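# A structural walkthrough
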Amino acid sequence: MKWPALQDMILFENENVVVVNKPPQLSSLDERFAENPSLLKIARAHHPELRLCHRLDKETSGALILAKNDETYRYVSMEFEHRRVLKRYHAVIEGIHRFDQMEVDLPIGPGRNGLMKIDFREGKEALTYFNSLAYFRHYTLVECTPITGRTHQIRVHLASQKAIIAGDTAYGGKAPKLSRLKRKYNIGEFEEERPMINRFALHAHQIKFMASDGVEVDVTAPYPKDIQVFLKQLEKYDR
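### Regarding the overall build of the chain
Along the chain, the regular secondary structure elements total five helices and twelve strands. Taken against the 2.2 N^0.38 rule, which gives 18 Å for 239 residues, the C-alpha radius of gyration of the chain at 19 Å falls within 12% of a compact globule. When the backbone C-alpha atoms are referred to their principal axes, the chain occupies close to 60 × 45 × 35 Å. Taking all 239 residues of the chain together, 48% fall into the buried category. The contacts of the chain with a sequence gap of at least 6 include a subset with a gap of at least 24, amounting to 62%. Carbon and sulfur atoms provide 46% of the accessible area of the chain, an area that totals close to 13,300 Å².

Here it is, written out as structure tokens:
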């Protein structure tokens, strides 16, 4: 798979930080035995000193901050630690869910096979707010604002509300198929229907933080093509 050059991912850049729009299926860091490059490897070909200030799951697309020097890396890391970085994600979830600044305050801990779970005994504090943005017959577009930064936090908190992200089979979701929405949908006898999106539909849509020079950085990451196409199909066939 051919990945875009870093210059084509950049949403914001100054002398200290770069904010990029990470494509889906591109790992933030190098994976063991992986043939594909990571975002960090692509980034360091552009600027050898770049460091990731946080991570996104491989399948998650969207806004990601990289620091150009150690001082900025430490500064942004502290902004994350003190919860002064605003992160807003968009997710397409299964079913109709009317969330109005709904708070999910449930601790998260390790589960089986690299997944996470709600764990009241040993889990770490985790807080997320959810707002519904658009409704379809079978799906809802939701804005997710995590206050803490636990692994798989949005996915686990949504699943705890029986609001699983479309395509998130690891947490009980199903691959979204057009045949469920479109009447008289036909597919060849020997063909297998492909899902409308080949990953879980989660995108880091906005990130806002105060830079070390006192200037506020507020960046919105456009949807990648796969989510654009998915939402267009929902607009057309699931209203």
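### A short note on the pattern of salt bridges
Between side chains of opposite charge, a pair can form when the charged atoms approach closely. Applying the stated criterion across every chain yields a total of ten salt bridges. A salt bridge links Asp57 to Arg155; the shortest N-O distance between them is 3.3 Å. Taken as a pair, Asp57 in the loop between β3 (51-52) and β4 (61-67) and Arg155 in helix α4 (residues 153-160) lie far apart in primary sequence, 98 residues in all. Exposure remark for Arg155: the relative accessible area of 7% places this residue in the buried category. Between Glu125 and Arg83 there is a salt bridge; the shortest N-O distance is 3.3 Å. Of the two residues, Glu125 sits in the loop between β8 (116-118) and β9 (127-135) while Arg83 sits in the loop between α3 (70-81) and β5 (86-94), which places them 42 residues apart along the sequence. Overall, Arg83 belongs to the partly exposed group, its relative accessible area being 40%. Look at the salt bridges and you will find they share partners, linking Asp57, Arg155 and Asp168 into a network.

### So, the packing of aromatic side chains
Going through the model one piece at a time under the given rule, you end up with two aromatic pairs. Seen in terms of ring centroids, Phe99 and Phe130 are 6.0 Å apart; in terms of plane orientation they differ by 45°. Their pairing is tilted. Residue Phe99 is located in the loop between β5 and β6 (102-105), and its partner Phe130 is located in strand β9; the two are separated by 31 residues in the primary sequence. Across the pair, exposure class does not vary: Phe99 and Phe130 are buried alike. A ring pair is formed by Tyr139 and Phe230, whose centres lie 5.9 Å apart and whose planes are at 75°; its orientation type is edge-to-face. With Tyr139 in strand β10 (residues 139-146) and Phe230 in helix α5 (residues 225-237), the pair connects residues that are 91 residues apart, well separated along the chain. Taking the ring centre of Tyr135 as reference, the NZ or CZ of Arg98 above it sits at 4.3 Å. A cation sits over an aromatic face here: Arg155 above Phe200, 4.0 Å from the ring centre.

### Here we look at the side chain of His90
Tracing the chain through its elements places His90 in strand β5. By relative accessible area, which is 8% here, His90 ends up buried. Engagement of the side chain of His90 in a polar contact is seen with the side chain of Tyr223, the distance being 2.6 Å. Apart from residues no more than four positions distant in its own chain, His90 is found in contact with Leu133, Leu141, Val142, Glu143, Ala201, Leu202, His203, His205 and Tyr223.

### With respect to the pairing of β5
Counting buried residues along β5, seven of its nine residues qualify, which places the element largely inside the surrounding structure. Pairing of β5 with β10, which is carried by six bridges, proceeds in the antiparallel orientation. By the bridge assignment, Ile93 is partnered in β10 with Thr140.

Thresholds applied
Residues numbered from 1 in each chain as written. Predicted model: local features only at pLDDT ≥ 70, side-chain atom pairs only at ≥ 80, totals over all residues. Heavy atoms only, no water. Helix = DSSP H or I, 4+ residues; strand = E, 2+ residues; numbered from the N terminus. Rg over C-alpha atoms; globule rule 2.2 N^0.38 Å. Buried < 20%, exposed > 50% of the residue type's maximum accessible area, 1.4 Å probe, protein only. Contact = heavy atoms within 4.5 Å. Areas by Shrake-Rupley, 256 points an atom, 1.4 Å probe, with all protein chains shown as cover. Salt bridge = Lys/Arg side-chain N within 4 Å of Asp/Glu carboxyl O. Phe/Tyr/Trp six-rings, centres within 6.5 Å; stacked < 30°, edge-to-face > 60°. Lys NZ or Arg CZ within 6 Å of the ring centre and 35° of its normal. Polar contact = N/O pair within 3.5 Å; in protein donor to acceptor, adjacent residues only side chain to side chain. Pairing = 2+ DSSP bridges.

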